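# Inside the fold
Below, each chain spelled out in residue letters.
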Amino acid sequence: MGILKRAAAFLLAGMVAVTALAGCGQGAADVESGAVDFDYPVEVRDVTISGEPEGVAVLSPEIGDAVLAMGYEITLKARTTECRQTELSVLPEVSADNPAKIAETGAAVALTCEELTEEQSQSFQDAGVTVVSIPAATGREDLARFYGEVGAVLRGGNTGYTHGQEIAGDIFLRIDDVLRVIPENSAPVTACYLFDTQGGAVTGDQLANKLIEAAGLTNGVYSSTDGQIDMQTLTIANPTYIFCPIGVADQLAAAEGYRDLTAVQEGRVYEIDEQLIRSQGWGMLDAAIAIAGAVYPELIGEETSEPQEEGGESSSGTDGESSASSESSGDTEMRSVLQIGDTGEDVRRLQERLDELGYMYLPSTGEFGEGTEQAIKDFQLLNGYAATGIADETTQEVLFSDNVRTGPYYGQ
């Protein structure tokens, strides 16, 4: 029996040792089905990331949007020319065709939305840079997938993936707020976004289609795919409103077929920055507001004397909305106008009030950047004022008043 006990003890000790070793050297968990139980190693799109990257290069603007929205930009070392986000402008420019230069910037990982050729993949391998191709989002649920995968690379299969999905949800939560203030229509209103006069358009299989829907409109070319339409489809749709990139309105007015469309004939063509329409970050909200404002100018028109709810009623915190009071409402001596580029304690105080009301999604830094501008736009839109993004005297007065409509982050 003594021999058997010693043998059993030996086997048990061996099993414990094997289990411990297995825990230390656990295989990479694939996030294809969602967040995993640990951060690293993690597998994203058949690529294993062994630990948090010390430096990352963004090779697609959609990736840049996601990184900025999640607040992970401190990891970035380089970007391509197509990544035109203001916050990324200080980064050195690189190209997927020159992985060696990417490695020189200190980036150990490169993220792209494009499929690389075998030759490009080999070049990245030779340069010692891990490249992950993550397809851009095509819809609302797919945005959560996209953000989750980008987050998993940057901060792990649990922490990063979960955070990414939360931010994707927050973006659409705010876009939903735009739809809530749109007047109801008895009949569908058709619209479309045309990139050019060669058939480029926002089609039903693209994420930007959701921006048209967020403005309470029906995409007239929804049934088309891959961002391309033919003239017959557009003629049949004959949208009431047309949106296009800056500088394209004149081209539509001169191009055969396009100039005969009702929206062109009746002057309902509106130019909106293409970068906003293609955005897969907070720029989507700007685009939704711009589209809604063009169709319903009262949403961004003259400021009314009282903050407005849907349907033009004064805000009172009813119908499921909360009102918030400020302990400092009687102490609002600030600069009369605060806008992008301003810095200082006045800006910090503005940000803290926006955060208190549930509009800020970034930390209060005392620097009035694009995040603060967006928060101001959201506040203005949802409280019935012109969505300018500029905190003028009237905006500040309402912001620090006792009866305002709160944002999506209120109470969190």
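Note that the structure is predicted; figures quoted are calculated from it, not measured.

Further remarks concern the pairing of strand E8 (residues 190-193). Strand direction decides the pairing type here: E8 and strand E9 (residues 218-219), joined by two bridges, are parallel. Bridged to Thr190 within E9 is Thr218. Since E8 and E9 lie parallel, the crossover through helix H7 (residues 209-214) that links them has a hand, and here it is right-handed. Where E8 lies against strand E10 (residues 241-244), three bridges are found, and the strand directions are parallel. Within the sheet, the bridge partner assigned to Tyr193 lies in E10 and is Phe243.

Now for the packing of helix H12 (residues 283-295) against helix H14 (residues 370-382). When two helices pack together, their arrangement is given by the angle between the helix axes and by the axis-to-axis distance. For the pair H12 and H14, interaxial distance at closest approach is 11 Å and the crossing angle is 35 degrees. Taken as a pair, H12 and H14 cross one another with a handedness that is left-handed. Two secondary-structure elements touch here, H12 through Leu285, Asp286 and Ile289 and H14 through Gln374, Lys377, Asp378 and Leu381. Among the residues making up the contact of H12 with H14, the classes are represented as three nonpolar, one polar and three charged.

So, on to the nonpolar core. The biggest cluster of nonpolar side chains holds 93 residues, and the ones touching the most others in it are Leu111, Phe146, Tyr147, Val150 and Phe243. No other element matches the nine residues that H12 contributes to this core. For Leu111, the residues in contact, after removing those within four places along its chain, are Val56, Ala57, Val58, Leu59, Ser60, Ile63, Val132, Ile134, Val150, Val153 and Leu154. Grouped together as the second largest cluster of nonpolar side chains are 16 residues, Ile242, Val248, Leu261 and Val264 included.

To continue, consider the side chain of Glu149. The residue Glu149 is located in helix H5 (residues 140-155) in this model. On the accessibility criterion, Glu149 (6% relative accessible area) is buried. A polar side-chain atom of Glu149 sits 3.1 Å from a polar atom in the side chain of Arg45. Other than its neighbours up to four places away in sequence, Glu149 contacts Val31, Val44, Arg45, Ile134 and Tyr161.

Our next topic: the environment of Val56. Position of Val56 among the secondary structure elements: in strand E4 (residues 56-58). A residue is classified by how much of its surface remains accessible, and Val56, at 0% relative accessible area, is buried. Sequence spacing of Val56 and Ala107 is 51 residues, and the spatial spacing of their C-alpha atoms is 4.6 Å. Beyond its immediate chain neighbours, meaning those up to four positions away, Val56 contacts Thr75, Leu76, Lys77, Ala78, Ala107, Val109, Leu111 and Leu154.

It is worth spelling out helix H13 (residues 345-357) at this point. For H13, built from 13 residues, the straight-helix expectation of 18 Å at 1.5 Å per residue is met to within 8% by its first-to-last C-alpha distance of 18 Å. Residues Val347, Leu350, Gln351, Arg353, Leu354 and Leu357 constitute the buried set of H13. End-on view of H13: buried residues confined to an arc of 160 degrees, all on one side of the axis. At the exit of H13 stands Gly358, carrying a positive phi of roughly 90 degrees.

Here we take up unusual backbone geometry. At the junction of Tyr40 and Pro41, the peptide bond is cis and its omega measures out at -5 degrees in the coordinates. Positionally, Pro41 belongs in the loop between strand E1 (29-30) and strand E2 (42-44). The backbone phi angle of Arg45 is positive, close to 55 degrees, even though this residue is not glycine. Relative to the elements of secondary structure, Arg45 occurs in the loop between E2 and strand E3 (47-49). Residue class for Arg45 comes out partly exposed when judged on its relative accessible area of 39%. With a phi close to 40 degrees, Asn238 is a non-glycine residue in the positive phi region. Looking at where Asn238 falls in the secondary structure, it is placed in the loop between helix H8 (231-237) and E10.

Strand order in the open sheet formed by four strands is E9-E8-E10-E11, and the pairing between neighbours is parallel. With one partner strand each, in any of the chains shown, E9 and strand E11 (269-271) form the two edges of the open sheet.

Cut-off values and rules
Residues numbered from 1 in each chain as written. Predicted model: local features only at pLDDT ≥ 70, side-chain atom pairs only at ≥ 80, totals over all residues. Heavy atoms only, no water. Pairing = 2+ DSSP bridges. Helix = DSSP H or I, 4+ residues; strand = E, 2+ residues; numbered from the N terminus. Right-handed = clockwise from strand over helix to strand, strands pointing away. Axes fitted to C-alpha atoms, helices over the stretch in contact; angles between N-to-C directions. Left-handed = near helix turned anticlockwise from the far one by under 90°. Contact = heavy atoms within 4.5 Å. Nonpolar A, V, L, I, M, F, W, Y, C, P; charged D, E, K, R; others polar. Core = buried A, V, L, I, M, F, W, Y, C linked by side-chain atoms within 4.5 Å. Buried < 20%, exposed > 50% of the residue type's maximum accessible area, 1.4 Å probe, protein only. Polar contact = N/O pair within 3.5 Å; in protein donor to acceptor, adjacent residues only side chain to side chain. Expected span 1.5 Å × (residues − 1). Arc of directions from axis to C-beta.

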